[in-house]
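# Architecture and fold: a report
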Amino acid sequence: SQKIEQNSEALNIQEGKTATLTCNYTNYSPAYLQWYRQDPGRGPVFLLLIRENEKEKRKERLKVTFDTTLKQSLFHITASQPADSATYLCALSPGAGSYQLTFGKGTKLSVIP
Amino acid sequence: EAGVAQSPRYKIIEKRQSVAFWCNPISGHATLYWYQQILGQGPKLLIQFQNNGVVDDSQLPKDRFSAERLKGVDSTLKIQPAKLEDSAVYLCASRVVGRRVGDGQYFGPGTRLTVL
């Protein structure tokens, strides 16, 4: 069966450092991989989408990589700030027009001042 | 633009009772999704609509859950009768059909359901 693993339930880092979150998947060939941010009591907010034929995508302080051979995506936040503290969710989509998402459990990031 | 609206925000019921959740997607978004998010888990897709038609309801427990989107705009998700394991946050999301692939789904704030 399809499996998505975000290998850390929680990650604590010092303000100003780069946070790196990992998403691994098995038994899946996604066309798209997305990252969402979720704050307590709120719905997920879309951050970035990367296609299977793209290696890297950047948006401001965010960078996502996608390695379909390793079946892994890395999500980086550079110059992290306490306001970046949240749960980050990885989601896979088969594409083909459906854009249905299968989510991982998420990684709770805490940026310590 | 206004975001996805959901109501109520919180609901507490006893097992075997029924409950309904309402969602109003972003104007012009033809695709609507309902997700269930259990504490500590990622959202799990229950049903997907495009306009007023069901695209996928393979993960919807149809013996107790039902959903409709009669006029292709707002949608209602119902649980009848509720079980303890239905305690979760129910999220609604929407997306524009045909919009460029680079955009994700837009989520509402969710309804937190507690079944006692």
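Residues numbered from 1 in each chain as written. Chains lettered and ligands numbered in written order. Predicted model: local features only at pLDDT ≥ 70, side-chain atom pairs only at ≥ 80, totals over all residues. Heavy atoms only, no water.

### Structural notes on the state of the cysteines
Our working definition: For the purposes of this analysis, a disulfide is any pair of cysteine sulfur atoms at a distance within 2.5 Å. Think of it this way: any DSSP run of H or I at least four residues long counts as a helix, any run of E at least two long counts as a strand, and we number them from the N terminus. Per-residue accessibility, obtained with a 1.4 Å probe over protein chains only, is compared with the maximum for each type, and a residue is labelled buried under 20%, exposed over 50%, and partly exposed between these values.
Per the counting criterion, the structure on display carries 2 disulfides over all chains. A:Cys23 shares a disulfide with A:Cys90; S-S distance 2.0 Å. Linking A:Cys23 and A:Cys90, the disulfide has an S-S dihedral of approximately -60° and is accordingly described as left-handed. Remark: A:Cys90 occurs in strand 9 (residues 86-93) and A:Cys23 occurs in strand 3 (residues 19-26); sequence separation between them is 67 residues. Residue A:Cys23 is classed as buried on the basis of its relative accessible area of 0%. Here A:Cys90 falls in the buried class, since its relative accessible area comes to 0%. Here B:Cys23 engages in a disulfide with B:Cys92; their sulfurs sit 1.9 Å apart. Classification of the bridge connecting B:Cys23 and B:Cys92 rests on its S-S torsion, roughly -65°, and on that basis the disulfide is left-handed. Residue B:Cys23 is located in strand 3 (residues 19-24), and its partner B:Cys92 is located in strand 9 (residues 88-95); the two are separated by 69 residues in the primary sequence. The same class applies to B:Cys23 as to B:Cys92, namely buried.

### Section: the packing of aromatic side chains
How two aromatic rings sit relative to each other is set out by the distance from centre to centre and by the angle between their planes. Test applied: Two aromatic rings, drawn from Phe, Tyr or Trp (for Trp, its six-membered ring), form a pair once their centres lie within 6.5 Å of each other, and the interplanar angle then sorts them: stacked below 30 degrees, edge-to-face above 60, tilted otherwise.
On inspection of all chains with the given rule, the structure shows 12 aromatic pairs over all chains. Seen in terms of ring centroids, A:Tyr36 and A:Phe46 are 5.6 Å apart; in terms of plane orientation they differ by 65°. Their pairing is edge-to-face. With A:Tyr36 in strand 4 (residues 32-38) and A:Phe46 in strand 5 (residues 45-51), the pair connects residues that are 10 residues apart, well separated along the chain. For A:Phe46, a relative accessible area of 21% puts it in the partly exposed group. Centroid distance A:Phe75 to A:Tyr88: 5.4 Å. Interplanar angle 35°. Geometry classified as tilted. Here the residue A:Phe75 occupies a position in strand 8 (residues 72-77), and A:Tyr88 occupies one in strand 9, the gap between them amounting to 13 residues. A:Tyr88 carries the same exposure label as A:Phe75, and that label is buried. Members of the aromatic cluster, joined through ring pairs, are A:Tyr36, A:Phe46, A:Phe103, B:Tyr33, B:Tyr35 and B:Phe107.

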